[in-house]
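Take a look at the letters that make up each chain.
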Amino acid sequence: MKLWVNGGLHDAETARISVLDHGLTVGDGIFETVKAERGETFALTLHLERLTRSARGLGLPDPDLDEVRRACAAVLDANPMELGRLRITYTGGLSPLGSERGDSGASLVVALGETGRRPDSTAVITVPWTRNERSALTGLKTTSYAENVVALARAREQGASEALFGNTVGQLCEGTGSNVFVVVDGRILTPPVSSGCLAGITRALAVEWTGAEETDLPLEALESAEEIFLTSTLRDVQAVHRVDARDLEPGPVTAKAMRIFDERAARDRDPRLG
């Protein structure tokens, strides 16, 4: 495998970034995950727009998106595969130990890993920890991901592929790496960004393409919803067949959302919103 590290391609075995990089020492970095099928990315422009928003929110300099595109193209060309997870990581760069950022400039790493198609449905659990909708990092896709690692490990222990969080006021928020939708009285509902959830790219496209509504939802909505589904870069739209101990039948509203998303995504590999 070849990776892009700070200006060029390197073999995975020899690629190097400083152990004093701020992304490693304090998690001062952002990232995007982009789906790549047979070397073609999906929704790359939307992902790069969010990369810039996250950089500004964290106080990092704007990434050079032309360089990021070149890096993505080079990595995809060097690592042909059927279905891949293209990971763009942008950090605070070489810095002194501690929270203060150095002045040597940001680091850019682009890597590609092979993945398989997700199942049409999955199991999820809820976890006792909360998302802080008032955090300085709310809405930013940062490399400070440790709480997601802990929650996802809990989900795996219970035979699930995702863990769902509420926020500090008891509202449904998001998963460790996904957004959540519920079907109530035939309507598709999803928590608003103000709940503390990430403004997912797939989430935004699903809202626009299916007519889903953004509204505050109690965490208990998972106990009564007629259908539940997740969205994310690699899940696309994925039905949920179990939440904690509650079994659900993936229903017609979710099936239609899956079909709409697949059809629209196939027609336009770099969609815009609005």
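Residues numbered from 1 in each chain as written. Predicted model: local features only at pLDDT ≥ 70, side-chain atom pairs only at ≥ 80, totals over all residues. Heavy atoms only, no water.

By size, the foremost hydrophobic cluster in this structure holds 24 residues, and its most contacted members are Leu86, Ile88 and Val110. Looking at this core, the elements with two or more residues in it are β3 (29-37), α2 (44-58), α3 (65-78), β5 (83-91) and β6 (107-114). By residue number, the principal contributor to this core is α3, which donates six residues. Residue contacts for Leu86: discarding those within four places in its chain leaves Glu32, Thr33, Val34, Thr41, Cys72, Val75, Leu76, Val110, Ala111 and Leu112. Grouped together as the second largest cluster of nonpolar side chains are 20 residues, Ala212, Phe229, Ala257 and Phe261 included. (Core = buried A, V, L, I, M, F, W, Y, C linked by side-chain atoms within 4.5 Å. Buried < 20%, exposed > 50% of the residue type's maximum accessible area, 1.4 Å probe, protein only. Helix = DSSP H or I, 4+ residues; strand = E, 2+ residues; numbered from the N terminus. Contact = heavy atoms within 4.5 Å.)

Once that is clear, we can look at empty space enclosed by the protein. Throughout the structure, instances matching the rule amount to one cavity of 30 Å³ or more. In this structure, the largest cavity encloses a volume near 40 Å³. Among the elements that line the lining of the largest cavity, the one with the most residues is helix α5 (residues 201-210), at three residues. Looking at the lining of the largest cavity residue by residue, the class counts come to four nonpolar, three polar and two charged. (1 Å grid on protein atoms, 1.4 Å probe; cavity = no way out; pocket = protein on both sides within 12 Å on 5 of 7 lines; lining within 4 Å. Points joined across faces, edges and corners; volume = space filled by probe spheres on them. Nonpolar A, V, L, I, M, F, W, Y, C, P; charged D, E, K, R; others polar.)

Considering only enclosed or pocket space, the second largest pocket measures out at about 250 Å³ in volume. In this structure, the second largest pocket is lined by 14 residues; those nearest its centre are Lys35, Glu37, Leu83, Arg117 and Asp236. At the level of elements, β3 and α7 (252-267) are the ones that each hand at least two residues to the lining of the second largest pocket. In terms of residue count, α7 provides more of the lining of the second largest pocket than any other element does, four residues in total. Residue composition of the lining of the second largest pocket, grouped by class: five nonpolar, two polar and seven charged.

A few words on the sheet that holds strand β2 (residues 8-11). On the basis of which strands lie adjacent, the open sheet formed by six strands has the order β2-β1-β6-β5-β3-β4 and antiparallel pairing. Strands with a single pairing partner mark the edges of an open sheet, and in this sheet they are β2 and β4 (40-41). Here β3 runs beside β4; their pairing, made up of two bridges, is antiparallel. What sits directly across from Ala36, in β4, is Thr41. Along the sheet face, α2 touches β3, β4 and β5 and points at about 175 degrees away from the line of β3. (Pairing = 2+ DSSP bridges. Axes fitted to C-alpha atoms, helices over the stretch in contact; angles between N-to-C directions.)

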